[in-house]
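Survey of secondary and tertiary structure
Chain by chain, the residues run as shown.
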Amino acid sequence: METAVAQSEFASADINLRLTPDDKIRILRDMYRVRRFEQISLKFYNQGKMGGFLHLYTGQESVAVGICSLLGEHDHVITAYRDHGHALAVGMSMDECMAELYGKATGCSKGKGGSMHFFAPDKNYWGGHGIVAGQTPLGLGLAYALKYKGLKGCALAFLGDGAVNQGVYHESLNLAGLWDIPAIFVIENNRYSMGTSLARSSAFKNNLAERADGYEIDWELINGSDLYEIRAKTWTAMARAHEHSRPAVLEIDTYRYYGHSVADANAKKYRSTEEIEEYKNNHDPLRLYRRRLIAEGVLDDATADRLDEEAKHEAAEAAKFADDSPFPNASDIVADVYWEVDNDTERGRTGKHFFND
Amino acid sequence: MPQITYRTALNQALAEEIQRDENVFLIGEEVAEYNGAYKVTEGLWERFGSKRVVDAPISEAGFVGLAVGASMLGLRPVVEMMFWSFAYVAWDQIVNNAGCVRYMSGGLINVPLVIRGPANGGTNVGATHSHTPENFLANTPGLKVVCPATAYDAKGLLKSAIRDNDPVMFMENTLLYGQTWEVPEEEYLVPIGRADLKREGADLSFIAHGRAAITCLKAAEILEEKHGIHAEVLDLRSIRPLDEDAILASVRKTHRAVVVEENKPFCGVGAQIASILGEKAFDDLDAPILRVSAMDAPAIYCPALELEQLPNAQRVVDRALQIC
């Protein structure tokens, strides 16, 4: 028997009151799409259809979907290597994302980036970055450019709890605070940096976000299993960035059900099965949000099941699309290196750019 | 034609490009109110203000990353490294982000970024301040690397670099900042990827870049005056893209090559040039390809010895005489 749906004090936040029933359903659909996309990608990863790493986002869907549901014309997103959820949440298609996992020419990066490197600049989505915290100053730079151009927007730079001890993250905070840059650093705290728990990796008083105090940056803690709370508190930070060009640090308590990546051999050693089950059963953001919408009368079980089935179907179709797509040609290996060469400009034709045999 | 210093030439290039394109801005340590640690940016902050000339804290990885991110959204940042040696703390931002983001996005993104500053030894500041990373960076497809030797080239290449839609690593030399050359008053560009034959000769080709090209000009004079040997000096100016045609044309004419650089020898730029010559000019060569590089140790502090560690005209002459 399902327990009663806990009330969210954030349901009545202005930004959430603005949600129409259709908006709410779309958010649930997007969360299902992320989950089912990854479920199918795991299935085919295990069948050897793709190489490299596969960092699954399962359990954290509410963070990317909730925040990306707030984006306006001049709001930008950048993240690290656990990037499938953000990609789908900003509106990338399952086809182009799955094909990228398969290393196919139809992938979003033409098979040149892989799982960790999805990009869609036309959707204000700047990756997909493989080096821990390396994306944080890029997010800062996106926000810097917005301010430079006089555009009212912000850049949301997502990072994991394992990234907060990298120097470049602190450099980014310092510059953001110093120069009033509208950058929002979103720490998705899933409690493990690969196999090392938070307690074994970070020195802190109460939480990771409060380090922002040292840079005079506002910060906030967010319960990642409450979609309304994610939206409400992130919107507060976004509005401050838009109106006052001030940065923020948000720390979202969340959890991943799988290992650091699928190749994480110790995924079940550094944390207990009970811990994982506790999250799945009591904190799963998708189940909680679904129950909430049903309690609100926005949709019924049958409709919710249909959304889930549609997401599964879409993911299965994306896998077929990826499987049927061609690999890039060998000649594509040296394309997309230099803009000037790709565009066959005078500059691109001057001098030797490549030194192949 | 007016004679101006290498430093002034760079300053003029920056001023002209800031004025020409509102997306160009200069960022780095002490570039604004202090007027630049080496005075390359002197007067620019006063003239263009704090939006276009930005003093950054000592935070190279942070502001290089910022510049990469800003360039992805269409700005054209020119980052000053007080010393290129300091770029080593920003390596991830330069190599992984500026160098690879276009490729990893399948060509969706480009990074119109310039990182510039001095990359040279010879100033008695020890190994940590004397690095010459042109070979490291040219080893990263996606980056371009230029090393101007004269004021004329410095100005024309910097303007080209700022207009280029790919990331350009622009390496200057503090020992050249105060030297003067003729530079026209009217606007001009020097294309990236084209070498410059700075002296013609029939007997031997010196192939060099940066200050080593100036050293080769001196060596060529000595060879002519004292030995009657006519050496030509091909200044690469740009390492990547590389003017391979000019290299081959010179050696096919002279049949002898000495490759000179202030970089360290192992996997240096000269190694790449020698490889190209060995493969494509083997039948044209009448002697082994020789190299002159910095002596293979970290840059020594000792003022009496440091200039000996770098290639100097006499070392270059001695090397040339081994094959002439």
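Keep in mind it's a predicted model, so treat the numbers as computed, not measured.

1. Quick notes on empty space enclosed by the protein
Residues and elements named next belong to chain B. Counting across every chain of the model gives two cavities of 30 Å³ or more. Considering only enclosed or pocket space, the largest cavity measures out at about 120 Å³ in volume. Lining the largest cavity are 16 residues, with Ala119, Glu134, Asn173, Gly210 and Arg211 sitting closest to its centre. Taken together, the elements giving at least two residues each to the lining of the largest cavity come down to strand 7 (168–172) and helix 7 (211–227). In the lining of the largest cavity, the residues fall into seven nonpolar, five polar and four charged. Per-domain counts for the lining of the largest cavity show at least three residues from each of domain 1 (3–182) and domain 2 (196–321).

2. Quick word on helix 5 (residues 94–101) of chain A
Within helix 5 of chain A, six of the eight residues are buried, which leaves it mostly tucked inside the rest of the structure. Positive phi appears at A:Gly103, one or two residues downstream of helix 5 of chain A, with a value of about 75°.

3. Focus on the domain arrangement of chain B
Residue and element names in this part refer to chain B. Each assigned domain of chain B is listed here: domain 1 (3–182) and domain 2 (196–321). Computed from C-alpha atoms alone, the centre-to-centre distance between domain 1 and domain 2 is 26 Å. The partner domain 2 presents 26 residues to the 28 residues of domain 1 that form the contact. Each partner contributes to the roughly 2000 Å² buried at the junction of domain 1 and domain 2, and carbon and sulfur atoms together form 55% of this total. Taken together, the links from domain 1 to domain 2 amount to two salt bridges. The closest approach of N and O atoms between Arg237 and Asp153, which form a salt bridge, is 2.9 Å. Broken down by secondary-structure element, the contributors of at least two residues to the side of domain 1 that touches domain 2 are helix 5 (134–138), strand 6 (144–146) and helix 6 (151–163). For the side of domain 1 that touches domain 2, a count of residues per class yields 14 nonpolar, eleven polar and three charged.

4. A word on the sheet that holds strand 13 (residues 257–260) of chain B
Residue and element names in this part refer to chain B. Reading across from one edge, 9-11-10-13-14 is the order of the five strands in this open sheet, with mixed pairing throughout. If you trace the sheet from one side to the other, it starts and ends with strand 9 (196–199) and strand 14 (290–292), each paired once. Recorded for the sheet is a direction-independent mean angle of 25° between the axes of neighbouring strands. As judged from the three bridges shared by strand 13 and strand 14, these two strands associate in the parallel manner.

The rules we used
Residues numbered from 1 in each chain as written. Chains lettered and ligands numbered in written order. Predicted model: local features only at pLDDT ≥ 70, side-chain atom pairs only at ≥ 80, totals over all residues. Heavy atoms only, no water. 1 Å grid on protein atoms, 1.4 Å probe; cavity = no way out; pocket = protein on both sides within 12 Å on 5 of 7 lines; lining within 4 Å. Points joined across faces, edges and corners; volume = space filled by probe spheres on them. Helix = DSSP H or I, 4+ residues; strand = E, 2+ residues; numbered from the N terminus. Nonpolar A, V, L, I, M, F, W, Y, C, P; charged D, E, K, R; others polar. Domains from an automatic or database assignment. Buried < 20%, exposed > 50% of the residue type's maximum accessible area, 1.4 Å probe, protein only. Contact = heavy atoms within 4.5 Å. Buried area = accessible area lost by both parts, 1.4 Å probe. Salt bridge = Lys/Arg side-chain N within 4 Å of Asp/Glu carboxyl O. Pairing = 2+ DSSP bridges. Axes fitted to C-alpha atoms, helices over the stretch in contact; angles between N-to-C directions.

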